[in-house]
Amino acid sequence: MNFILAATGSATASGGLGSSPYSMIFLMIGMFAIMYFVMIRPQKKRQKEEMEMRSAIDVGDEITTIGGICGRVVSVKENHLIIESSSAGSKIQILRGAVQSNDTANARLQAEREAARAEAEKAKEEKKKNKKSKKED
């Protein structure tokens, strides 16, 4: 440990790395920029997606709460949802912020992605067929 302190002390004393007062400022700005792009920005993006998902909840959606309760939305109010959690008809009132995922929207999104992937594969196959037919002509 003393070796590291001695090496850094001699570098600053001889006019090495720490000679400019601006170098420390640039280093701090650089570290903050890296932290912003690695930690803060993705977290804000996730929060925005969660807020959009919670505001898009509609009657009939299958949801899962933060506590792990799964159910179907029966009624939507301003900040509250009433969900039916079993086939017996037990209803629970929860806050909109307690929703972890909208399973209906997730299933819809998954189906859209699969359909888009299938269309892309069909388009590739058609292009290959067109190229082969042009080469044969």
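Residues numbered from 1 in each chain as written. Predicted model: local features only at pLDDT ≥ 70, side-chain atom pairs only at ≥ 80, totals over all residues. Heavy atoms only, no water.

Participant: Help me understand the overall build of the chain in this model?
Facilitator: From N to C terminus, the chain includes 3 helices and 5 strands. Secondary structure elements of the chain occur, N-terminal to C-terminal, as α-α-β-β-β-β-β-α. The 137 residues of the chain split such that 12% are buried. Here the analysis covers contacts within the chain between residues at least 6 apart in sequence; of these, 34% occur between residues at least 24 apart. When the accessible surface of the chain is summed, it comes to about 11,200 Å², and 59% of that surface belongs to carbon and sulfur atoms. (Helix = DSSP H or I, 4+ residues; strand = E, 2+ residues; numbered from the N terminus. Buried < 20%, exposed > 50% of the residue type's maximum accessible area, 1.4 Å probe, protein only. Contact = heavy atoms within 4.5 Å. Areas by Shrake-Rupley, 256 points an atom, 1.4 Å probe, with all protein chains shown as cover.)

Participant: Is there a simple way to think about the nonpolar core in this case?
Facilitator: Among soluble globular proteins, nonpolar side chains are generally buried collectively. Counting residues in hydrophobic clusters, the biggest one holds 8 residues: M53, I57, I63, V73, L81, I83, I94 and V99. Setting aside chain neighbours within four positions, we find L81 in contact with I57, I63, S75, V76, I92, Q93, I94, R96 and V99. (Core = buried A, V, L, I, M, F, W, Y, C linked by side-chain atoms within 4.5 Å.)

Participant: Even after reading the chapter, I still don't get a positive patch on the surface, so can you show me in this structure?
Facilitator: Together, K124, K127, K128, K131, K132 and K135 give the surface a local cluster of positive charge. Mapped onto the fold, K127 is located in helix 3 (residues 103–136). With a relative accessible area of 57%, K127 lands in the exposed category. (Patch = residues over 30% accessible without salt bridge, like charges linked within 9 Å, V, L, I, M, F, W, Y side chains within 5 Å. Salt bridge = Lys/Arg side-chain N within 4 Å of Asp/Glu carboxyl O. Lys, Arg positive; Asp, Glu negative; His and termini not counted. Charge placed at Lys NZ, Arg CZ, Asp CG, Glu CD.)

Participant: Any chance you could explain the side chain of R54 here in plain terms?
Facilitator: Summarising the element assignment, R54 is placed in helix 2 (residues 21–55). For R54, which is buried and forms no salt bridge, the nearest opposite charge comes from E50, at a distance of 4.0 Å. There is a polar contact of 2.9 Å between the side chain of R54 and the backbone oxygen of V99. (Polar contact = N/O pair within 3.5 Å; in protein donor to acceptor, adjacent residues only side chain to side chain.)

Participant: Help me out: how do you make sense of the side chain of D61 in this one?
Facilitator: Here D61 lies in the loop between helix 2 and strand 1 (62–65). Relative accessible area serves as the criterion here: at 8%, D61 is assigned to the buried category. For D61, the side chain forms a polar contact with the side chain of N102, separated by 3.2 Å. Dropping the residues within four chain positions of it, D61 is found in contact with A56, G71, R72, V73, N102, T104 and R108.

Participant: Even after reading the chapter, I still don't get the packing of aromatic side chains, so can you show me in this structure?
Facilitator: A ring pair, where both rings are aromatic, is described by two values, the distance of the centres and the angle of the planes. If you walk through the whole model with that rule in mind, you get 1 aromatic pair. Considering the side-chain rings of Y36 and F37, the 5.2 Å spacing of their centres and the 80° angle between planes classify their relative orientation as edge-to-face. (Phe/Tyr/Trp six-rings, centres within 6.5 Å; stacked < 30°, edge-to-face > 60°.)

Participant: Could you clarify how one ought to interpret the pairing of strand 3 (residues 80–84) in this entry?
Facilitator: Every regular strand shows the same layout, with side chains that alternate between the two sheet faces. The side-chain alternation of strand 3 yields one buried face, formed by L81 and I83, and one unburied face, formed by H80, I82 and E84. As paired elements, strand 2 (residues 70–76) and strand 3 share 4 bridges and run antiparallel to each other. Across the sheet, the residue bridging to R72 is E84, located in strand 3. Counting the residues between successive antiparallel strands, the hairpin from strand 2 to strand 3 contains 3 residues. In terms of strand pairing, strand 3 meets strand 4 (residues 91–95) through 5 bridges, oriented antiparallel. Bridging from a neighbouring strand, E84 pairs with K91 of strand 4. (Pairing = 2+ DSSP bridges.)

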